[in-house]
Amino acid sequence: MMAKSDAENALNEMETNLEEIFNSILKRIDDESIGFESPIIDRAIKWLLGFKDPSGGFTNEGENIPSPASSAYVLLALSSSGYKYKNEIASIINYLKSTQNSDGSWSYYAGSEGSIGVTSLVLKALNRAGFAGIDIYLKGEKYLIESVRKLLNSEQTELNISRLSLALIAVGKHFKSIKNDILKWFENGMNPNFSFGLPPEGDAEVTSTVYAALKNVGIDNHMTMGMLSYIFGMQSKIGLFRPNNKTEERVDTTAYIILQLIWSGYDIISDERIIKALSSMIQFMNDDGGFPDYAGDISDVETTALVITVLSLSGFAKVIKIPILRKMITNSKKNAMELYKSAENVIINELTSYRNKISTLEEKVKFWKAVAGALGSILIAVISILVEIMF
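Rules used throughout
- Residues numbered from 1 in each chain as written.
- Predicted model: local features only at pLDDT ≥ 70, side-chain atom pairs only at ≥ 80, totals over all residues.
- Heavy atoms only, no water.
- Phe/Tyr/Trp six-rings, centres within 6.5 Å; stacked < 30°, edge-to-face > 60°.
- Buried < 20%, exposed > 50% of the residue type's maximum accessible area, 1.4 Å probe, protein only.
- Lys NZ or Arg CZ within 6 Å of the ring centre and 35° of its normal.
- Helix = DSSP H or I, 4+ residues; strand = E, 2+ residues; numbered from the N terminus.
- Expected span 1.5 Å × (residues − 1).
- Contact = heavy atoms within 4.5 Å.
- Core = buried A, V, L, I, M, F, W, Y, C linked by side-chain atoms within 4.5 Å.
- Polar contact = N/O pair within 3.5 Å; in protein donor to acceptor, adjacent residues only side chain to side chain.
- pLDDT = per-residue confidence, 0-100.
- Axes fitted to C-alpha atoms, helices over the stretch in contact; angles between N-to-C directions.
- Parallel < 35°, antiparallel > 145°, perpendicular 65-115°, else oblique.
- Left-handed = near helix turned anticlockwise from the far one by under 90°.
- Nonpolar A, V, L, I, M, F, W, Y, C, P; charged D, E, K, R; others polar.
- Arc of directions from axis to C-beta.
- Salt bridge = Lys/Arg side-chain N within 4 Å of Asp/Glu carboxyl O.

1. Considering the packing of aromatic side chains
Right, on to step 1. A full pass over the atoms with the stated rule returns 7 aromatic pairs.
Right, on to step 2. Taking the centre distance of 4.9 Å and the plane angle of 75° together, the rings of tyrosine 108 and tyrosine 109 count as edge-to-face.
Right, on to step 3. Judged by relative accessible area, tyrosine 108 falls into the partly exposed class, the value being 29%.
Right, on to step 4. Classification of tyrosine 109 by relative accessible area gives partly exposed; the value is 34%.
Right, on to step 5. Aromatic pair phenylalanine 232 and phenylalanine 241: ring centres 5.9 Å apart, planes at 55°, arrangement tilted. In this pair, the class of phenylalanine 232 matches that of phenylalanine 241, namely buried.
Right, on to step 6. Through a chain of ring-to-ring contacts, three or more aromatic side chains come together here, namely Trp185, Phe186 and Phe196.
Right, on to step 7. Stacked on the ring of tryptophan 263, the Lys or Arg lysine 124 has its end atom at 4.8 Å from the ring centre.
Right, on to step 8. Positioned above the aromatic ring of phenylalanine 232, the side-chain terminus of arginine 273 is 3.6 Å from the ring centre.

2. Quick look at helix α6 (residues 134-151)
Right, on to step 1. Here α6 spans 25 Å end to end across 18 residues, near enough to the 26 Å set by a 1.5 Å rise per residue.
Right, on to step 2. Turning to α6, its buried residues number three or more, namely Ile136, Tyr137, Gly140, Glu141, Tyr143, Leu144, Ile145, Ser147, Val148 and Leu151.
Right, on to step 3. In this fold, the buried residues of α6 make contact with α4 (86-98), α5 (116-128), α7 (158-171) and α8 (179-187).

3. Topic: the nonpolar core
Right, on to step 1. Judged by nonpolar contacts, the single largest core of 93 residues is most densely connected at Leu126, Leu168, Phe186, Leu261 and Met281.
Right, on to step 2. Looking at this core element by element, the count peaks at 9 residues for helix α11 (residues 251-263).
Right, on to step 3. Other than its neighbours up to four places away in sequence, leucine 126 contacts Leu75, Ile93, Leu96, Trp106, Phe131, Ile136 and Tyr137.

4. Comments concerning the side chain of serine 105
Right, on to step 1. Here serine 105 lies in the loop between α4 and α5.
Right, on to step 2. Take serine 105: its relative accessible area is 0%, and that puts it in the buried class.
Right, on to step 3. Polar side-chain contacts of serine 105 include one of 2.7 Å to the side chain of aspartate 103.
Right, on to step 4. Serine 105 has contacts with Thr99, Gln100, Gly114, Ser115, Thr119 and Tyr143, leaving out every residue within four places of it along the chain.

5. Here's the deal with the confidence of the model for the chain
Right, on to step 1. For the chain, mean pLDDT is 84; residues scoring 70 or higher make up 71% of the total.
Right, on to step 2. Taking the mean pLDDT of every element in the chain, the minimum, 59, falls on helix α15 (residues 361-390) and the maximum, 98, on helix α9 (residues 204-216).
Right, on to step 3. Considering only residues more than four positions removed or in separate chains, one finds that residues 32-37, a stretch of pLDDT under 50, has 10 contacts.

6. With respect to the packing of α11 against helix α12 (residues 272-281)
Right, on to step 1. Their axes nearest at 11 Å, the elements α11 and α12 cross at an angle of 140°. Taken together, the axis directions place α11 and α12 in an arrangement best described as oblique. Judged by the twist between their axes, the crossing of α11 over α12 is left-handed. Here Val251, Thr254, Ala255, Ile258 and Leu261 of α11 lie close against α12, whose contacting residues are Ile274, Ala277, Leu278 and Met281.
Right, on to step 2. In terms of residue class, the contact of α11 with α12 is built from 8 nonpolar, 1 polar and no charged.

7. Considerations on α8
Right, on to step 1. Among the residues making up α8, those that are buried are Ile182, Leu183, Trp185 and Phe186. All buried residues of α8 fall inside an arc of 160° around its axis, so they share one side. Exposed side chains of α8 directed beyond 90 degrees from the buried face belong to Asn180 and Lys184.
Right, on to step 2. At its buried positions, α8 is contacted by α6, α7, α9 and α10 (222-233).

8. As for the environment of asparagine 245
Right, on to step 1. Tracing the backbone shows asparagine 245 in the loop between α10 and α11.
Right, on to step 2. Along the chain, asparagine 245 and alanine 204 lie 41 residues apart, while their C-alpha atoms are 9.5 Å from each other.
Right, on to step 3. Excluding anything up to four places from it in sequence, asparagine 245 contacts Gly233 and Met234.
Right, on to step 4. A polar contact is formed between the side chain of asparagine 245 and the side chain of arginine 242, at a distance of 3.4 Å.

9. Points about the pattern of salt bridges
Right, on to step 1. Tallied over the entire structure, the rule returns 6 salt bridges.
Right, on to step 2. One salt bridge in this structure joins glutamate 141 and lysine 173, with 3.9 Å as the shortest N-O distance. Remark: lysine 173 occurs in the loop between α7 and α8 and glutamate 141 occurs in helix α6; sequence separation between them is 32 residues.
Right, on to step 3. According to the relative accessible area criterion, glutamate 141 is buried, its value standing at 15%.

Here's what the structure looks like:
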């Protein structure tokens with residue numbers, strides 16, 4: 001006859017196996033390789049693709065001329081959301097190659113004066129898309145590097161602060177050796193509330209750009225902490241960000257700030273304020289699938305591309321869906337383990353009760369049928385829970 005200790009060992013082993021099943025599911029959920037299809041992103045991209053020009057570039061809403069700026073935003077969105085759009089990505093890259101100016105810059109509209117902001121954006125988008133054209137990169141970087149050197153000798157106007165920040169986001173690695181000089185230049189243009197932009201209120205978009213620039217050259221001090229405090233101080237109750245305290249919250253401002261935080265290396269996933277911003281932002285999708293600059297406005301190509309980019313780069317599914325799924329499975333695990341322990345106690349008690357009574361083969365068979373029935377009930381309950389979780 002099986003001893004009580006043998007039965008307990010068998011039950012404990014089953015309990016361990018059950019816990020391992022749940023732990024393996026939780027581990028898979030935490031694995032970054034797990035992806036979730038996002039109908040929000042797919043629908044927004046479908047709307048974006050309606051603005052593709054025969055040249056390979058993209059136009060913006062209400063315009064009929066493609067631009068390197070809009071095209072770079074779309075390239076960033078498509079290359080951040082996966083590899084389903086290889087043909088579109090290749091077309092945009094070819095368009096951007098053809099619109100680079102002789103000095104290495106890109107313009108908002110092809111053929112016009114080069115723009116530091118657009119050039120920085122294009123280089124970031126090309127890099128994200130895995131473009132391997134070294135000559136294109138070097139020409140663009142050279143233009144930005146020369147621009148940084150000129151700007152460090154200029155006055156700290158809002159425009160110059162924005163231009164220098166945007167350039168450093170793309171080529172900051174080349175200026176880490178003079179980061180103290182860069183810090184002093186920005187300190188001379190900072191408002192008392194740690195903001196940048198038109199004083200005294202400042203501007204959250206400009207401040208987030210400066211924050212990303214400083215982080216890219218290796219600066220992390222009380223100044224950057226103060227800037228973060230200012231930026232999150234511009235977050236409204238619904239989760240979106242405002243440019244400053246005198247303006248309303250905006251979708252484009254929110255997406256832009258989150259992108260700068262991502263480019264700064266900020267830990268997006270663990271910040272509940274960002275989760276709130278992302279959750280709020282997706283509520284403003286228009287019926288056509290695009291996103292507006294602000295509530296009630298028509299959809300905008302660049303804003304829609306920005307939203308897609310931050311939803312993808314921030315790990316939209318991981319940030320919003322996975323914690324919910326993980327909580328559900330953790331609760332189910334707790335319920336299943338409690339159910340198992342309860343059934344296990346019944347079996348052990350029954351075993352103790354029958355132990356001294358079992359003398360005939362008929363009684364032994366009856367007992368083990370009872371044990372088998374109890375174990376079967378446990379397994380059925382556990383399987384039901386797992387099916388509910390997975391499907």
